[in-house]
Amino acid sequence: MSSDVLVADGLRKVFAVHGGRGQGHRVLTAVDDVSFTLACGGALGIVGESGSGKTTIARMLAGLEAPSGGRIAVAGRDRSQPARASAERRRRGHELQMVFQDPYTSLDPRQSVGSCLEEALRLHTELDPVGRRARIAELLGHVGLDERHARSLPRALSGGQRQRVAIARALAASPAVIVLDEAVSALDVSIQAQVLNLLNRLRAESGVAYVFITHNLAVVRQICDEALVLQRGQVVERGRVEDVLDNPQHEYTRRLLASIPVPGWDPHQLSAA
């Protein structure tokens, strides 16, 4: 029996891009024959510059975009086509959750943190009100927040705290996989480190698997086991993180490494914490 919790096989996504007046439209291939697997409890980094297709892959995994071709399976169940029934959508949410780049826009500004988490628990669990309250406290504790934060609205929280809420909301469904789309790129470097350490701890404790979408190879070093490098929608390099970062085979990967904006940074000396 396969230990892979996520399988993507031959993923392809084509968009029709409309031109100006009288120019009709052209076809843009955003993702072209991308395949990968993710083991239970593993962490895969999908890396590339803006426009490389990595966010399109994230949206297909989460069911926000339908693939033009190829297959996606999570926990052995095919999810290549959109879920139509509400029961199927709930089941898929229990299998895979997504954390977006900007937590403020993904959280309801009128809803307290506690209400946000309670809504997720009502949708994905059969806990009674007492059980939900206990689970909310547990989830907040997992991400380093407390009852005071549960009463707060998103605007009263810092960017790092809002991202912690988004992670807690994803964990509320007890998913097998969490897709994180540039989930730390909008945070200050010190807050990035805190969130990445949190994600590492949660993976060790719960066994959840991550797909980490990012342009930052230094982040991949800290959080991921394997890396897949995309250029113009195609895979140009893949392998264990230490192999890809310490001995890149493709010129595009070498350019990404050279572009990491940290003065004096040496990819061979970066700790794999």
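Because the structure is a prediction, the values reported are computed rather than measured.

Engineer: Help me get a handle on the sheet that holds strand β2 (residues 25-39), residues and values and all.
Structural biologist: Sheet architecture is open: 4 strands sit in the order β2-β1-β4-β5, paired in antiparallel fashion. For this open sheet the edge positions go to β2 and β5 (77-78), each flanked by a neighbour on one side alone. Direction of pairing for strand β4 (residues 69-74) relative to β5: antiparallel, over a ladder of 2 bridges. Across the sheet, V74 pairs through a bridge with R77, a residue of β5.

Engineer: Lay out the nonpolar core in plain terms, naming residues and giving numbers.
Structural biologist: Residues I167, L199, Y210 and F212 are the most contacted members of the largest nonpolar core, which totals 49 residues. Broken down by element, this core gets its largest block of residues, 7 residues, from helix α7 (residues 159-172). Contact partners of F212, with chain neighbours within four places excluded, come to L44, G45, I46, L180, V184, L196, L199, V219, I223 and C224. With 26 residues, the next largest nonpolar core counts F36, L44, V211 and L230 among its residues.

Engineer: Got a sec to walk through the sheet that holds strand β8 (residues 209-214)? Specific residues and values, please.
Structural biologist: Each strand in a sheet pairs with its neighbour through backbone hydrogen bonds, running either in the same direction (parallel) or in the opposite one (antiparallel). Overall, mixed pairing links the 6 strands, which are arranged β6-β7-β8-β3-β9-β10 in an open sheet. Sheet topology places β6 (96-99) and β10 (234-240) at the edges, where each strand pairs with a single neighbour. Strand-to-strand twist in this sheet, taken as the mean axis angle between neighbours without regard to direction, amounts to 15°. Strand direction decides the pairing type here: strand β7 (residues 177-181) and β8, joined by 5 bridges, are parallel. Across the sheet, residue I178 finds its bridge partner in β8, namely Y210. This element, helix α8 (residues 189-206), spans β3 (43-47), β7 and β8 of the sheet and lies at about 155° to β8. Packed onto the sheet, helix α11 (residues 251-258) meets β3, β9 (226-231) and β10 and runs at close to 105° relative to β9.

Engineer: Please give an account of the layout of surface pockets that cites residues and values.
Structural biologist: Counted as a void, the largest pocket has a volume near 680 Å³. Every residue lining the largest pocket is counted, 25 residues in all, and those nearest its centre are A62, G93, L96, Q97 and H124. Put simply, the parts of the chain that give the lining of the largest pocket at least two residues each are α2 (86-95), β6, α4 (113-124) and α7. Considering only residue class, the lining of the largest pocket consists of 12 nonpolar, 7 polar and 6 charged.

Rules behind the numbers
- Residues numbered from 1 in each chain as written.
- Predicted model: local features only at pLDDT ≥ 70, side-chain atom pairs only at ≥ 80, totals over all residues.
- Heavy atoms only, no water.
- Pairing = 2+ DSSP bridges.
- Helix = DSSP H or I, 4+ residues; strand = E, 2+ residues; numbered from the N terminus.
- Core = buried A, V, L, I, M, F, W, Y, C linked by side-chain atoms within 4.5 Å.
- Buried < 20%, exposed > 50% of the residue type's maximum accessible area, 1.4 Å probe, protein only.
- Contact = heavy atoms within 4.5 Å.
- Axes fitted to C-alpha atoms, helices over the stretch in contact; angles between N-to-C directions.
- 1 Å grid on protein atoms, 1.4 Å probe; cavity = no way out; pocket = protein on both sides within 12 Å on 5 of 7 lines; lining within 4 Å.
- Points joined across faces, edges and corners; volume = space filled by probe spheres on them.
- Nonpolar A, V, L, I, M, F, W, Y, C, P; charged D, E, K, R; others polar.

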